[in-house]
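Results of the structural survey
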Amino acid sequence: MKIAEQLFGQNISVKNANLHYGEFQALKNISIEIPEKEITAFIGPSGCGKSTFLKCFNRMNDLVAGCKIEGEFRIGETDIYAKETDVNALRKNVGMVFQKPNPFPMSVYDNIAYGPRTFGVRKRAELDGIVESSLRAAAMWEELKDRLDKSALGLSGGQQQRLCIARALSVKPKIILMDEPTSALDPISTGKIEELCDELKKTTTIVIVTHNMQQAARISDRTGFFLLGKLVEYGDTDKIFTSPKDERTERYITGRFG
Amino acid sequence: MMTNTKVKEKIGKSAFTAAAVLCIIAVAAIFVFLIVKSLPAFKKIGFFDFLLGDNWSPDKGDTYAGESLAGSYGIFTMIVGTLAATVGALLLGGVFGYFTAVFLAYFCPRRLKRVFSSVINLLAGIPSVVYGFFGIVFLLSKLSVIAPNNGSGLLATSIILGIMILPTVVSLSRTSLEAVPRSYYEGAVALGATHTQAVFKTCVPAAKSGITASLVLGVGRALGETMAVVMVAGNSPTYPNSLFNSFRVMTANIVMEMGYAGEVQEGALVATGVVLLLFVLVVNLLFSLVSKKTVRAAVKPKNKTVVRKKTFHGVARLRDRFGNIAYKLKTSYIGRAFAIGAGVLSGGILVLVIGFIFAQGLPHLLKNPKILYGKFEFGSENITIFPSIVSTLMAVGLSLLIAIPIGVMTAIFLNEYARKENIFIRIVRSAIDILSGVPSIVYGLFGMIAFVGLLGGKSSILAGSLTISIMLLPTVVRSTEESLKSVADSLREGSLALGAGKMRTIFKVVLPSALPGILSAIILSIGRVISESAPFMYTMGSVITATPSSYLDSGATLAVALYRLAGEGWYMQEAYATAVVLIALVLGLNLFAEWIGGRLRKKLKGTEQ
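Residues numbered from 1 in each chain as written. Chains lettered and ligands numbered in written order. Predicted model: local features only at pLDDT ≥ 70, side-chain atom pairs only at ≥ 80, totals over all residues. Heavy atoms only, no water.

**Observations regarding the overall build of chain A**
The helix and strand inventory of chain A stands at 10 helices and 10 strands. Taken over C-alpha atoms, the radius of gyration comes to 18 Å for chain A, in line with the 18 Å a tight globule of 258 residues would show. Projected onto its principal axes, the C-alpha coordinates of chain A cover approximately 55 × 45 × 30 Å. For chain A, the residues scored as buried account for 56% of the 258 residues in total. By sequence separation, contacts in chain A at least 24 residues apart represent 68% of the contacts at least 6 residues apart. Just so you have it, chain A exposes about 11,100 Å², and 49% of that area is on carbon and sulfur atoms. Counting 36 positive and 34 negative side-chain charges, chain A places the centres of these two groups 3 Å from one another. (Helix = DSSP H or I, 4+ residues; strand = E, 2+ residues; numbered from the N terminus. Rg over C-alpha atoms; globule rule 2.2 N^0.38 Å. Buried < 20%, exposed > 50% of the residue type's maximum accessible area, 1.4 Å probe, protein only. Contact = heavy atoms within 4.5 Å. Areas by Shrake-Rupley, 256 points an atom, 1.4 Å probe, with all protein chains shown as cover. Lys, Arg positive; Asp, Glu negative; His and termini not counted. Charge placed at Lys NZ, Arg CZ, Asp CG, Glu CD.)

Pasting the structure below:
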């Protein structure tokens, strides 16, 4: 790939992050260290800022009009909000899977090849290889190898979401952000994606926002609990779910609010 | 590599912005050229003498340099004529359109709905010269039986204009009627109201502002209509004293005299255009106020409760009247009868217009197919419309080449780059609104002053195509923007999140999904170039005898040729045949648009592979 490789690491480090939407402050003074090749889950009630925070890591918030971000965001050693940082290179290194599956209205093949083509891969053989390895990594190759030229919109919801994961993998990201990736899916598809996460963390850092506390408990190594724009508590998932330090965390995970 | 992408992004953004700037320049140019050209006339004639004088008798010898003003240039009779014709059109087409819309939204069997929608679309697509021609050959001959004159005058004009504004009123009213929540209807029916009562007392009031907006838009259309009116109004510069006396509207004034105007007269005609433009702008301003209110009512919860209160008030009133069975019968059957009658009639009108012209024209066309491709010979019976077919095709090609890229790029700018409202974007939007309201004859005036003037004073297909291109811009921009808006943001995010730049996202993900809209913009534009005649009369010329060999030659489009043939009255058979060709083209385009639109949508949804 021809892209100028900026040095992006696999761990994320944030200091004193504040984010405003116009007058409204959505994130309040958040600092966090997210280790590499682990699954970190963000939990919390709706509107607590967890998705907003996630989208800071690949600068998707840049697209929101009136959004102002302060604080220090580093991936590896790179300050991702520095002037010289190339946003496109950042997003290539930090992939994202969205709440609702968003396959492009193209064939399965073209969906996966979209990313590599963006970064200058033109040779058919090379693209074929990337499509196959990405679909294999998303455990979809067997399902889809005979329908690569069919429209991706004809797939089921669960298949579409896994295709989106495969698409994110096609540019070999070092970190993958997942914004409630299973909230629109049935339990079986959810199970498949959770298995996939477990497989992916061997090579990739995963940060996942979820509404589903069981999911966070099942798959994540570390969990952060957000409330009203603040990171209330952050630590090993086992500890958060068995002996939370903060009373609000305990009330949330035992289902008393949210 | 990286810098390369950055440069591409920059170039792209500047190109899109430049397209948007062009739209602003177009509006500014129209105003500047018209005002500069009309100002001396206003000065010479006197502003109030011009507006309020009721004697229009131009003197060819009048010059600005000359001492005395022998001619008289008052357009008050025409202002009155324009308003009278507009009111007449509103009474006929507005009321009729309202009932047709109610019919379509609430009384039409589902299977017939699609047929009726196509009928209304077709009515909108028929060229105004064809309506005018139908007016001459059918309406005037029928009216002349009861009229003291040949049938021309206010009644004939109102009927023709009424038919022409019908599609505008119907489609917009219907949209707002269908946007009324089903729960209103259910609430009324649950209280014991009949279907008709629920519709007229609950659903229609809830859609009131949308219906009003549709009527205002219809008024705008009627004010600016030119060719159809010219053909049935009679055109003497007098007041419309009765239903059947020859009178003149402002647009007609321009078309009638521009071809042979003296110096002051020409200024006065441009000034007529300016007055007309002001009328239309005021109406459009009204429209945007009314329709903004509609949008607000639909979006803001605060206003929603107001609507709801009103609705329930209506329901309560209904309940009070339940004792009165006679009332119930009346609202039930009369309302239903009106709605169904209107729906059937508007279908009938289309069948009548098309059927009559085809019945008269098709035999001639089949008997003398040479009319389509033969060579024109002077002094013989061999009239041919081959030169006009060539001119039309040339105009279609060039104007699409100009309008589609600029329009699509402006739409991209508005939808992809201008998400934050600022003053520049507001100016671009108002420029497009204004462009869509400018009457076609005013475009013709502008094209004549600007493009024909710049190209050495000789009308040409180039000048005509440039003129119509500006006219096409708003349609292209809106249709494209509509389809860009319908592309889900999640697709853009998906592309950007993969590290793709904005340009790549637009060209590879957004535009392919927006293709149906762009295609419909192209088809609409083709239809427009084929149908319009007023913008071409004095920019492309109305010579129907010579086949153009380059873009610098002049040539009449088919619609202009129909006007010439029908107006001279000597070649009625040939006029019928031309009308048949025009209608067939419009019909074909409509069918093609529906077919390809359906196919593309299916393909994008992924159901067809």
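**With respect to the nonpolar core**
Across soluble globular proteins, nonpolar side chains have a tendency to be buried as a group. In this structure, Phe50 and Phe133 of chain B are the most contacted members of the largest nonpolar core, which totals 196 residues. Per-element accounting of this core gives the leading share, 14 residues, to helix 16 (residues 386–417) of chain B. Of the residues that make up this core, three or more belong to each of domain 1 (80–360) and domain 2 (370–605) of chain B. When sequence neighbours within four positions are dropped, the list of residues in contact with Phe50 of chain B reads Phe42, Ile45, Trp56, Tyr73, Gly74, Ile75, Phe76, Ala268, Ala271, Thr272 and Val275 of chain B. Core analysis: the next-biggest nonpolar cluster, separate from the first, contains 42 residues, Leu135, Trp141, Met178 and Leu200 of chain A among them. (Core = buried A, V, L, I, M, F, W, Y, C linked by side-chain atoms within 4.5 Å. Domains from an automatic or database assignment.)

**What to know about the sheet that holds strand 6 (residues 94–97) of chain A**
Residue and element names in this part refer to chain A. The strand order across the open sheet built from 6 strands is 6-7-8-3-9-10, with neighbouring strands paired in mixed fashion. Because the sheet does not close on itself, it has two edges, and the strands there are strand 6 and strand 10 (230–236). Taking each pair of neighbouring strands and ignoring which way they run, the sheet shows an average axis angle of 15°. Relative to strand 9 (residues 222–227), strand 3 (residues 39–43) is paired through 4 bridges, and the arrangement is parallel. Within strand 9, the position partnered with Phe42 by the bridge is Gly224. Sheet strands touched by helix 6 (residues 157–169): strand 6 and strand 7 (175–179). Its angle to strand 6, the strand with the most contacts, is close to 170°. (Pairing = 2+ DSSP bridges. Axes fitted to C-alpha atoms, helices over the stretch in contact; angles between N-to-C directions.)

**Remarks on the domain arrangement of chain B**
Residues and elements named next belong to chain B. Here chain B is described as being made up of domain 1 (80–360) and domain 2 (370–605). Taken residue by residue, the interface counts 37 residues in domain 1 and 33 residues in domain 2. Summed over both partners, the interface of domain 1 with domain 2 comes to about 2,900 Å²; 79% of that surface belongs to carbon and sulfur atoms. Contact with domain 2 buries surface across domain 1, with Phe133, Met227 and Phe358 losing the most and accounting together for 18% of the total. Summed over the shared surface of domain 1 and domain 2, the number is 3 residue pairs in polar contact (both at pLDDT 80 or more). Elements supplying a minimum of two residues to the side of domain 1 that touches domain 2: helix 4 (110–125), helix 5 (128–143), helix 10 (227–233), helix 11 (250–257), helix 12 (263–299) and helix 14 (325–367). (Buried area = accessible area lost by both parts, 1.4 Å probe. Polar contact = N/O pair within 3.5 Å; in protein donor to acceptor, adjacent residues only side chain to side chain.)

**Focus on the pattern of salt bridges**
Counted according to the given criterion, the structure contains 25 salt bridges over all chains. Between Arg174 of chain B and Glu178 of chain B there is a salt bridge, with the nearest N and O atoms lying 3.2 Å from each other. Within this pair, Arg174 of chain B and its partner Glu178 of chain B are both found in helix 6 (residues 154–178), separated by 4 residues, close to a single helical turn. Of the residues examined, Arg174 of chain B reaches a relative accessible area of 19% and is grouped as buried. The exposure class of Glu178 of chain B is partly exposed, given its relative accessible area of 41%. Of the charged contacts in the structure, one is a salt bridge between Glu532 of chain B and Arg528 of chain B, with a shortest N-O distance of 3.3 Å. With relative accessibility at 13%, the residue Glu532 of chain B sits in the buried group. Residue class for Arg528 of chain B comes out partly exposed when judged on its relative accessible area of 29%. Through salt bridges with shared partners, one network takes in Lys15, Glu72 and Arg74 of chain A. (Salt bridge = Lys/Arg side-chain N within 4 Å of Asp/Glu carboxyl O.)

**Thoughts on unusual backbone geometry**
All names here are of chain A. A positive phi angle, close to 50°, is found at Lys172, a residue other than glycine. On the basis of relative accessibility, which here comes to 54%, the residue Lys172 falls in the exposed class. Phi is positive for Leu228, close to 50°, though the residue is something other than glycine. Checked against the element boundaries, Leu228 lands in the loop between strand 9 and strand 10.

**Some remarks on the packing of helix 3 (residues 76–107) of chain B against helix 4 of chain B**
All names here are of chain B. Helix 4 packs onto helix 3 with a crossing angle of 150° between their chain directions and a minimal axis gap of 10 Å. One way to sum up the angle between helix 3 and helix 4 is to call them roughly antiparallel. Taken as a pair, helix 3 and helix 4 cross one another with a handedness that is left-handed. Facing Thr100, Phe103, Leu104 and Ala105 of helix 3, the residues of helix 4 in contact are Lys113, Phe116 and Ile120. For the contact of helix 3 with helix 4, a count of residues per class yields 5 nonpolar, 1 polar and 1 charged. (Parallel < 35°, antiparallel > 145°, perpendicular 65-115°, else oblique. Left-handed = near helix turned anticlockwise from the far one by under 90°. Nonpolar A, V, L, I, M, F, W, Y, C, P; charged D, E, K, R; others polar.)

**Notes on the packing of helix 4 (residues 124–137) of chain A against helix 6 of chain A**
All names here are of chain A. Relative orientation of the contacting elements helix 4 and helix 6 amounts to 130°, with a least axis distance of 8 Å. As the angle between them shows, helix 4 and helix 6 are arranged oblique. Our pair here, helix 4 against helix 6, has a crossing hand that is right-handed. Residue-level contacts link Ser134, Leu135 and Ala137 of helix 4 to Leu163, Ala166 and Leu169 of helix 6. Here the residues of the contact of helix 4 with helix 6 sort into 5 nonpolar, 1 polar and no charged.

**With respect to the confidence of the model for chain B**
Residue and element names in this part refer to chain B. Across chain B, pLDDT averages 86, with 90% of residues at or above 70. Overall, residues 298–312 carries pLDDT values under 50, and its contacts beyond four positions in sequence, including any with other chains, amount to 10 contacts. Taken over the whole predicted complex, pTM reads 0.85, whereas the ipTM for its chain interfaces reads 0.85. (pLDDT = per-residue confidence, 0-100.)

**Considerations on helix 22 (residues 515–531) of chain B**
Relative to the 24 Å expected for 17 residues at 1.5 Å per residue, helix 22 of chain B spans 24 Å between its end C-alpha atoms, a close match to the ideal helical length. Regarding helix 22 of chain B, the residues found buried are Pro516, Gly517, Ile518, Ala521, Ile523, Ser525, Ile526, Gly527, Val529, Ile530 and Ser531 of chain B. (Expected span 1.5 Å × (residues − 1).)

**Focus: a nonpolar patch on the surface**
All names here are of chain B. On the surface, Val21, Leu22 and Ile25 cluster together into a nonpolar patch covering about 230 Å² of accessible area. With respect to the helices, strands and loops of the structure, Leu22 is situated in helix 1 (residues 2–45). Residue Leu22 is classed as partly exposed on the basis of its relative accessible area, which comes to 40%. (Patch = residues over 30% accessible without salt bridge, like charges linked within 9 Å, V, L, I, M, F, W, Y side chains within 5 Å.)

**Examining the sheet that holds strand 4 (residues 67–75) of chain A**
Residue and element names in this part refer to chain A. Taken in spatial order, the 4 strands make up an open sheet running 2-1-4-5, and their pairing is antiparallel. Of all strands in the sheet, those bounded by a partner on one side alone are strand 2 (24–34) and strand 5 (78–79). As defined by bridge partners, strand 1 (residues 12–21) adjoins strand 2 across 7 bridges and the pair is classed as antiparallel. For Ser13, the partnering residue across the bridge sits in strand 2 and is Glu33.

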